[in-house]
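This is what each chain is made of:
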Amino acid sequence: MTRTCASSLLAILLGLLVVGCGGSEDTKTGSGVGSDEQAKSQLWLVAYSTPEVVYDEIIPAFRNTAGGGDVGFKTSFGASGEQSRAVEGGLTADVVSFSIEPDVEKLVEAGLVAEDWKRATPTKGLVSKSIVCFIVRKGNPKRIETWDDLIKPGVEVVTPNPFTSGAAKWNLLGAFAHGGLPYVERLIKDNISVQPKSGREALQTFTGGEGDVLLSYEYEATTALKKGEDIELVRPADSTVEIEISIAQTKDAAPAAQQFIDYVLSPEGQAKFVGWGYRPVNPATVELTRSRFPDPPKVTTITDLGGWSKVNDDLFDPEEGAIAKIEADAGVSTAR
Amino acid sequence: MASRLSLRVVALVYLGAVLVAPVAVVAYKTFEPGLGSVWDSVTTPAAISAFWLTLEVAAIAVPLNAAVGVMTALALVRGKVPGRRFVEALIDLPFAISPVVVGLALVLLYGREGWFGDDLAKAGVTILFSFPGLALATIFVTLPFVVREVAPVLREVGEDQEQAAATLGASRWQAFWRITLPAIRWGLVYGVVLSTARAIGEFGAVSVVSGKVAGETETLTLLVEKRFQNFDLSGAYAASTLLALIALVTLGAMVLVNQRKELS
Amino acid sequence: MSGLSASLPRPRRRYATGGAGALGLGVATLWLSLIVLLPLAAVVDHSVQDGLDAFWTSVSSRQAVAALVFTLLVSLLVTAINVVMGTVIAWVLARDQFAGKRAVNALIDLPFALPTIVAGLTLLALYGQAIAFTKWAVLLALLFVTLPFVVRAVQPVLIELDRDMEQAAHSLGASHRTTFLRIVLPNLAPAIVSGAALAFARAVGEFGSIVLISGNKPFDTQVSAVYAYKQLESDNTTGAAAVSVVLLALSLLVLVALRFMEGRRHRWNG
């Protein structure tokens, strides 16, 4: 019996050595996002969930470039707030990308990201953009075209909970930009039927049959359509809010982090984003693809609304925020 | 007799609807796109990593709990333990706790703002969002199994043989190896099999502490969730079927061991 | 699966040969404290770190209460169904003979072996849109994961049960129903209760099989475990801890009641 014990112990130890040798790409082509042992350096990318499909293309392309050949990647994708919390809690990260700026600011406060992170990139800390849109059933049976259509009686709206999904704040900001607090209140109280915990889960809830319209981002529709879902994208006919996706490197990041970010912001990298429906931020790419991304007559940006600090304090602060109060009245869970 | 038949029918129909049908449908949907596609699905680098990671976590958690479980069972059955009832309830607790609570507890202990956060940071040790966190969560949920299976066997077997060995000059260790261990062996194996099944299938606790780093802290169950959320339904089914196959193997082991247990 | 019920009186020998000894006891205690006690203490401590008022506010928010009520109701319903069907299945397995019985018997343990998330996925695959995001989804998921508890608790008792009394009753003219109710059931009752208690405790905390398929709609299909998870994700760890403490207290209550009952039964039987 001792011999079997010893050999099983050995097996376990050997097994431990094997940890991490499998690679991390989850596609059949397997062209090596891989966290290979041969890689000279490891880059940890922690991002919010939806651009995983984009990075699955960008990373192999990056590794094919001159500087990127010997960089191994470790990637983690999840809900923006959850990922930010994880990095704050100790998850290793060299490059982070979140769907709202405050999730990066949280890391600045925790001392993990430099205060001037926005100046580190020519795009002021942005990696891509999008706009708030409506996703409806194929054929748009309820003829949803404007924000006012959402508050018609009998229309059921699905949107993620802004207190678990930071990205969901964009949706409600779109509503707010259209009709202010009275509109938001009516929307939440009368028409929003369910608020899942993340944007992706909201999309799944919608494609699973719940609701008539989903508040989402332009690129989510593209992604869903590419994956064969039976939906239709409707850009609001009257107004919308521009979504800004942030990217930053952490203070102790490997040197390859800057290279990687440079690549992501280059025309090649941005082209991959465009392929999945994301609006580019590289000026050259913006010019090239302008026709693909029409705008409603009125597009509000977060700057127009006073910046995230103001918006978070006024609208989303769990205790004092106006929208938080509306949500609490409607019985939705708010943070802290 | 009519009533016996109807009872049998009721039981079988219920089992069919609640147990068999769902599993059968997943098996069907898994292989619907064809064997090749399924093979691709379970051999992506992420899937392979997830598979090995899951096994490695189990390989740590199960033996540890088995060893300590035997010790605990011995102490409880044969020794004088103050507050025995409390200890027994404590052992049973992982059985009844929601996995989310387990994850939360680990975050509160080992997270950056947790009880040990500072000390761990100073020592440069990461527990959460890496392998040790997964191991701890799995250890918690698999804790009771071996104890609960070994203790009753110990109770039934009694100490007579060991006492006889002692009078013949055997040391405690010898008595344990040669007499106690063989006597409890089927209970021990059954407990190990149950723990392994539980370890491989753990989802909730691991979901909270994992960090979901593909290839590193993403277990097979987490991979299922991720694929489901990425609209890769067939991929999710494929990974699920892999887990279900492991479950069936475990089930088979349970049946075999049970038979041996009853015979001995 | 048998519990750690109090054994029949035996001559007590401190650390008899073959026992674990002081070292063994020490290791066991340390392990239990480190793995179980410490984490739970952290949860309890964290739940009241903002004071008892904050604890009460977290636990009594409309959504938390709705989640708890739904959790309790559906768990009780599931337990009730399990008591009936579990006993029926145990009866069929113990007393009936048919082709394939061994396979059916083995199948009972499937929920123990199958990961919870796979269980959720299988239900989704089978019932699809029809039940997704409804209360039925939660009910079916819980029925799946709690199935073995009552069956496995009752089965061994049924098998060991002395048939003489039943036969005597029959020969005296009692109907099957009377025999069952008056003679068999009282003997099964402790096992049924034990299995039911474990099923209930399990149902109350279930997460993996529900999280994918229930839609987690507040006030509708959201269970406490998922609510706690959401609080955790919105960085409200205090709120999550508070709800966790409630769930913990429930589980402890059930387990302690179970032990107490088993203790009494043993005393009763001498």
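Owing to the predicted nature of the structure, the values given are computational and were not obtained by experimental measurement.

**Student:** Before we move on, can you summarise the overall build of chain A with the specific residues and values?
**Tutor:** Each helix and strand in chain A was counted, giving 13 helices and ten strands. In chain A, which comprises 336 residues, the share counted as buried stands at 60%. Long-range pairs, those at least 24 residues apart, make up 74% of the contacts in chain A with a sequence separation of at least 6. Summed over its atoms, the accessible surface of chain A is roughly 13100 Å², and 53% of this surface lies on carbon and sulfur atoms.

**Student:** Could you give me a rundown of the pairing of strand β9 (residues 239-249) of chain A, with the residues and numbers involved?
**Tutor:** All names here are of chain A. Among the eleven residues in β9, ten count as buried, and that is most of the element. Pairing geometry for strand β4 (residues 126-137) and β9, over five bridges, is antiparallel. Bridge assignment links S128 to a residue of β9, and that residue is I245. Pairing geometry for β9 and strand β10 (residues 298-300), over three bridges, is parallel. Counted as the bridge partner of T240 is V299 from β10.

**Student:** Can you break down the packing of helix α9 (residues 256-265) of chain A against helix α10 (residues 267-275) of chain A residue by residue, with the values?
**Tutor:** All names here are of chain A. Two numbers describe how α9 lies on α10: the axes approach to 4 Å, and their chain directions differ by 60°. By the angle between their directions, the pair α9 and α10 is classed as oblique. For the pair α9 and α10, contact is made by Y263, V264 and L265 and by P267, E268, G269, Q270 and F273, respectively. Partitioning the contact of α9 with α10 into residue classes produces five nonpolar, two polar and one charged.

**Student:** Describe the side chain of R95(C), naming the residues involved and giving the relevant values.
**Tutor:** Residue and element names in this part refer to chain C. Structurally, R95 can be placed in helix α3 (residues 62-95). A distance of 3.0 Å separates a polar atom in the side chain of R95 from a polar atom in the side chain of E166. Not counting residues within four places of it along the chain, the set of residues in contact with R95 comprises L158, L161, R163 and E166.

**Student:** Quick one: what's the story with the interface of chain C and chain B, residue by residue and with numbers?
**Tutor:** Listed per partner, the contact involves 93 residues of chain C and 96 residues of chain B. Counting each side, the surface lost to burial between chain C and chain B is near 8600 Å², with a carbon and sulfur contribution of 76%. Viewed at the interface, chain B and chain C are joined by one salt bridge. With its nearest N and O atoms 2.7 Å apart, the salt bridge here joins R8(B) to D96(C). Seen at the junction of chain C and chain B, the total is four residue pairs in polar contact (both at pLDDT 80 or more).

**Student:** I'd love a proper account of the side chain of T30(B), names of residues and values included.
**Tutor:** All names here are of chain B. By the secondary structure assignment, T30 is in helix α1 (residues 2-31). For T30, a relative accessible area of 2% puts it in the buried group. Filtering out sequence-adjacent residues up to four positions away, T30 remains in contact with V38, Y237, A238 and T241.

**Student:** Requested: an account of the domain arrangement of chain C, with residues and values cited.
**Tutor:** All names here are of chain C. Splitting chain C by domain gives domain 1 (12-47) and domain 2 (50-265). With five residues of domain 1 in contact, the opposing surface of domain 2 contributes eight residues. Roughly 540 Å² is buried in total at the junction of domain 1 and domain 2, and carbon and sulfur atoms are behind 71% of that figure. For domain 1, the biggest contributors to the area lost against domain 2 are V43, H46 and S47; these three give 80% of the whole. Here domain 1 is connected to domain 2 by zero salt bridges. Counting across the interface, domain 1 meets domain 2 through one residue pair in polar contact (both at pLDDT 80 or more). Tallied by class, residues from the side of domain 1 that touches domain 2 come to three nonpolar, two polar and no charged.

**Student:** Describe the environment of F228(B), listing the residues and the values that go with them.
**Tutor:** Structurally, the position occupied by F228(B) is in helix α12 (residues 220-229). Note on F228(B): relative accessible area 11%, which makes it buried. Considered as a pair, F228(B) and L136(B) are 92 residues apart in the sequence and their alpha carbons are 26 Å apart. Once residues within four sequence positions are removed from consideration, F228(B) is found in contact with Q204(A), L233(B), A236(B), L121(C), L124(C) and L212(C).

**Student:** Describe the confidence of the model for chain A, and please don't skip the residues or the numbers.
**Tutor:** Residue and element names in this part refer to chain A. Averaged over every residue, the pLDDT of chain A is 84; the share at 70 or more is 86%. Mean pLDDT across the secondary structure elements of chain A bottoms out at helix α1 (residues 2-18), with 48, and peaks at strand β3 (residues 95-98), with 95. Every residue in residues 15-21 is under pLDDT 50, and counting partners more than four places away or in other chains gives nine contacts. The low-confidence segment residues 29-35, where pLDDT is below 50, has 22 contacts with residues more than four positions distant or belonging to other chains.

**Student:** Now, about unusual backbone geometry: what can you tell me, with residues and values included?
**Tutor:** All names here are of chain B. Phi is positive for F129, close to 60°, though the residue is something other than glycine. Position of F129 among the secondary structure elements: in the loop between α6 (117-123) and α7 (131-142). Its identity as a non-glycine residue notwithstanding, K212 has a phi of 50°, on the positive side. Note that K212 resides in the loop between α11 (204-209) and α12.

**Student:** Help me get a handle on the pairing of strand β1 (residues 41-48) of chain A, residues and values and all.
**Tutor:** The side chains of a regular strand alternate, residue by residue, between the two faces of the sheet. All names here are of chain A. Where burial is concerned, most of β1 is hidden: six out of the eight residues are buried. Pairing between β1 and strand β2 (residues 71-78): eight bridges, direction parallel. Each residue of the ladder has a partner; that of Q42, found in β2, is G72. Taken together, β1, helix α2 (residues 52-63) and β2 constitute a β-α-β crossover, and its handedness is right-handed.

Parameters at a glance
Residues numbered from 1 in each chain as written. Chains lettered and ligands numbered in written order. Predicted model: local features only at pLDDT ≥ 70, side-chain atom pairs only at ≥ 80, totals over all residues. Heavy atoms only, no water. Helix = DSSP H or I, 4+ residues; strand = E, 2+ residues; numbered from the N terminus. Buried < 20%, exposed > 50% of the residue type's maximum accessible area, 1.4 Å probe, protein only. Contact = heavy atoms within 4.5 Å. Areas by Shrake-Rupley, 256 points an atom, 1.4 Å probe, with all protein chains shown as cover. Pairing = 2+ DSSP bridges. Axes fitted to C-alpha atoms, helices over the stretch in contact; angles between N-to-C directions. Parallel < 35°, antiparallel > 145°, perpendicular 65-115°, else oblique. Nonpolar A, V, L, I, M, F, W, Y, C, P; charged D, E, K, R; others polar. Polar contact = N/O pair within 3.5 Å; in protein donor to acceptor, adjacent residues only side chain to side chain. Buried area = accessible area lost by both parts, 1.4 Å probe. Salt bridge = Lys/Arg side-chain N within 4 Å of Asp/Glu carboxyl O. Domains from an automatic or database assignment. pLDDT = per-residue confidence, 0-100. Right-handed = clockwise from strand over helix to strand, strands pointing away.

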